[in-house]
Amino acid sequence: MIVRIDFNSDEALYMQLYNQIIIGIANSEIREGENLPSVRDLADDIGINMHTVNKAYGILRQEGYLKLDRRRGAVIAIDADAIKAKMEIEEKLKVLLAKAICRGVKREDIHGLIDEIYDDYGYE
């Protein structure tokens, strides 16, 4: 997995890292059971503070994408609770769709975007 951090972005570094790992899982760059680099190694590789990596890993763990193992380190372990995931997505999607409505984005455009994104990840 190649991590690209935009140091000029307004988005927090830990969120950029978090998002890239989620996308890596979705498009199968990172698979269930694979190890992520140690906090220290990843921080050194991309030139950020190890506390930033630790924060991203912590959120991934809380949300069920990652397990921390003393022997293996950070391991992709997806919590497949579909009902819980759907509820979390619905909560976030409500806000995103409200923003889209406020900016005049049409329903058909949103559906088209969703289809494009699913296609990009290789899902039907």
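Residues numbered from 1 in each chain as written. Predicted model: local features only at pLDDT ≥ 70, side-chain atom pairs only at ≥ 80, totals over all residues. Heavy atoms only, no water.

A. Seen up close, the environment of I21. Relative to the assigned elements, I21 resides in helix α1 (residues 13-26). For I21, the residues in contact, after removing those within four places along its chain, are M1, I30, L36, Y57 and L60. (Helix = DSSP H or I, 4+ residues; strand = E, 2+ residues; numbered from the N terminus. Contact = heavy atoms within 4.5 Å.)

B. Geometry of the nonpolar core. Counting 20 residues, the largest nonpolar core has L17, I21, L36, L42, V53, Y57 and L66 as its most contacted members. Elements with a minimum of two residues in this core: α1, α2 (39-46), α3 (50-62) and β2 (73-76). Here the element with the most residues in this core is α3; it accounts for 5 residues. Not counting the four nearest positions on each side in its chain, L66 is found in contact with L36, Y57, L60, R61, A74, V75, I76 and A77. (Core = buried A, V, L, I, M, F, W, Y, C linked by side-chain atoms within 4.5 Å. Buried < 20%, exposed > 50% of the residue type's maximum accessible area, 1.4 Å probe, protein only.)

C. Representation of unusual backbone geometry within the structure. For S28, which is not glycine, the phi torsion reads 65 degrees and is therefore positive. With respect to the secondary-structure elements, S28 resides in the loop between α1 and α2. With relative accessibility at 31%, the residue S28 sits in the partly exposed group.

D. A look at the layout of surface pockets. When its volume is computed, the largest pocket comes out at roughly 1,600 Å³. Taken together, 30 residues make up the lining of the largest pocket; nearest its centre are I22, Y65, I89, Y118 and Y121. Where the lining of the largest pocket is concerned, the elements lending two or more residues are α1, α4 (82-102) and α5 (107-120). Among the elements that line the lining of the largest pocket, the one with the most residues is α4, at 10 residues. Per-class residue counts for the lining of the largest pocket are 22 nonpolar, 2 polar and 6 charged. Estimates place the volume of the second largest pocket at around 160 Å³. As for the second largest pocket, its lining consists of L93, L97, A100, I101, V105, K106, R107, I110, H111 and I114. When contributions to the lining of the second largest pocket are tallied by element, the ones reaching two or more residues are α4 and α5. Residue classes in the lining of the second largest pocket are distributed as 7 nonpolar, 1 polar and 2 charged. (1 Å grid on protein atoms, 1.4 Å probe; cavity = no way out; pocket = protein on both sides within 12 Å on 5 of 7 lines; lining within 4 Å. Points joined across faces, edges and corners; volume = space filled by probe spheres on them. Nonpolar A, V, L, I, M, F, W, Y, C, P; charged D, E, K, R; others polar.)

E. Spotlight on the environment of L93. As for its position among the elements, L93 is in helix α4. Taking the relative accessible area as the measure of exposure, L93 reaches 35% and is therefore partly exposed. It is 25 Å that separates the C-alpha atoms of L93 and D6, two residues lying 87 residues apart in sequence.

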